[in-house]
Number of protein chains: 2
Amino acid sequence: MSASSSLREPSYYILAALLDGPMHGYAIIKHAAQASQGRVNLAVGTLYGALDRLAGEGRVSVDREEIVEGRTRRYYRLTDLGRQALIAEASRMQHAAGVVFRRLATPIVGPA
Amino acid sequence: MSASSSLREPSYYILAALLDGPMHGYAIIKHAAQASQGRVNLAVGTLYGALDRLAGEGRVSVDREEIVEGRTRRYYRLTDLGRQALIAEASRMQHAAGVVFRRLATPIVGPA
DNA sequence: TGACATACTTCGGTGACCGATGCAACGGTA
DNA sequence: TACCGTTGCATCGGTCACCGAAGTATGTCA
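- The name given to chain A in an unreviewed UniProt entry is Transcription regulator PadR N-terminal domain-containing protein, with Acrocarpospora phusangensis as the source organism.

**What to know about the protein's contact with DNA strand D**
- Among the 23 residues in the neighbourhood of DNA strand D, the closest are listed as Tyr48, Arg71, Arg73 and Arg74 of chain A together with Ser11 of chain B.
- For DNA strand D, the fraction of atoms within 4 Å of the protein that belong to sugar or phosphate moieties is 75%.
- Backbone polar atom of Tyr26 of chain A to a phosphate oxygen of DNA strand D: 3.2 Å apart, as the coordinates give it.
- A distance of 2.7 Å is found between a phosphate oxygen of DNA strand D and a side-chain nitrogen or oxygen belonging to Ser11 of chain B.

**Some words on the UniProt feature "domain: Transcription regulator PadR N-terminal" (unreviewed entry) in chain A**
- According to UniProt, the positions carrying the feature "domain: Transcription regulator PadR N-terminal" (unreviewed entry) are residues 14-86 of chain A.
- This span, residues 14-86 of chain A, is 48% helix and 26% strand, and a straight line between its end C-alpha atoms measures 10 Å.

**Comments concerning the protein's contact with DNA strand C**
- Around DNA strand C sit 24 residues in total, of which Ser11 and Arg53 of chain A together with Tyr48, Arg71 and Arg73 of chain B are the nearest.
- Sugar and phosphate atoms represent 72% of those atoms of DNA strand C found within 4 Å of the protein.
- Here Thr46 of chain A contributes a side-chain N or O atom positioned 3.3 Å from a phosphate oxygen of DNA strand C.
- Within the contact set of DNA strand C, a phosphate oxygen lies 2.8 Å away from a backbone nitrogen or oxygen of Arg74 of chain B.
- Elements with a minimum of two residues in the surface near DNA strand C: helix H1 (9-17) and helix H3 (44-56) of chain A together with helix H2 (25-35), helix H3 (44-56) and strand S3 (71-78) of chain B.
- Residues of the surface near DNA strand C, tallied by class, amount to six nonpolar, ten polar and eight charged.

**Structural notes on the relation of the copies chain B and chain A**
- When chain B is fitted onto chain A, the two copies agree to an RMSD of 0.1 Å after a turn of 180 degrees and an axial shift of 0.0 Å. Taken together, the rotation and translation describe the operation of a two-fold axis.
- Mapped onto chain A, 94% of the interface residues of chain B again fall at the interface, so both copies present the same surface.

**Thoughts on the sheet that holds strand S2 (residues 60-68) of chain B**
Residues and elements named next belong to chain B.
- Judged by pairing direction, the sheet is antiparallel, and its three strands sit side by side in the order S1-S3-S2 without closing on themselves. Strand pairing shows two members of the sheet lacking a second neighbour, strand S1 (23-24) and S2, which therefore form its edges.
- Both S1 and S3 contribute to a ladder of two bridges, which runs antiparallel. Considered in S3, the bridge of His24 is made with Tyr75.

Basis of the calculations
Residues numbered from 1 in each chain as written. Chains lettered and ligands numbered in written order. Predicted model: local features only at pLDDT ≥ 70, side-chain atom pairs only at ≥ 80, totals over all residues. Heavy atoms only, no water. Near = heavy atom within 4 Å. Polar contact = N/O pair within 3.5 Å; in protein donor to acceptor, adjacent residues only side chain to side chain. UniProt positions renumbered as here; feature names shortened; annotations may be inferred. Helix = DSSP H or I, 4+ residues; strand = E, 2+ residues; numbered from the N terminus. Nonpolar A, V, L, I, M, F, W, Y, C, P; charged D, E, K, R; others polar. Least-squares fit on C-alpha atoms with pLDDT ≥ 70 in both. Contact = heavy atoms within 4.5 Å. Pairing = 2+ DSSP bridges.

Okay, structure coming up:
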């Protein structure tokens with residue numbers, strides 16, 4: 001049980017980046033930083049660890065490998081499962097944010 | 001740096017519960033389960049560990065202790081700092097959810 | 001009397017995340 | 001030719017929030 005999150009912000013932004021199509025590691029880092037307005041600064045250790053884990057969970061898969069200017073680029077693609085997980089997490093966060101904002105908007109009436 | 005979250009869902013729902021006023025441990029667990037629609041099932045180890053940590057960070061503080069029917073109840077209160085952190089986290093989550101939902105709503109046009 | 005609920009404490013384990021370091025190949029400069 | 005900076009991936013050790021389990025204690029109900 002426990003459920004909780006299972007998809008924290010770094011992993012979340014990795015999947016979110018892949019919504020824009022297959023992408024390789026460094027591009028994901030830049031995309032995540034931009035999408036989160038600089039708050040999520042993916043460490044390389046986090047990125048590759050997360051990609052391996054997400055691949056093992058079937059949420060992403062390797063799309064292809066390219067060699068650009070002698071450097072290998074490994075492109076990752078979002079799977080249907082990954083897309084579902086991402087949407088579920090987005091819903092969860094929206095709900096969680098709503099809980100707080102709604103409570104804040106409620107004039108102080110006191111419980112019951 | 002890295003920022004990321006620092007406030008995960010369990011801790012988030014603990015602070016959110018305290019928006020309704022000072023509350024003791026077990027009441028927080030029930031409140032969190034309800035507010036999260038059953039998804040966040042605070043383990044006791046998580047709760048008390050988190051309360052200690054949050055207290056050390058100045059986000060919550062002990063309000064008072066009561067003895068009800070022979071059992072000690074320790075009530076915790078949300079501090080201004082805790083309230084700020086909670087709002088910041090709610091904003092962060094709303095933004096993160098928006099990133100995904102907005103992208104999903106966008107007809108496939110391709111980047112640039 | 002025993003089973004169950006409330007309420008807090010403590011402990012060991014797990015796993016995501018992190019920074020640091022390392023490797024490799026190119027471009028530019030002199 | 002030598003060197004440096006950048007791009008890009010791989011790996012390792014550490015930290016910390018979270019978790020479940022076990023323990024203590026008191027009250028209610030059958």
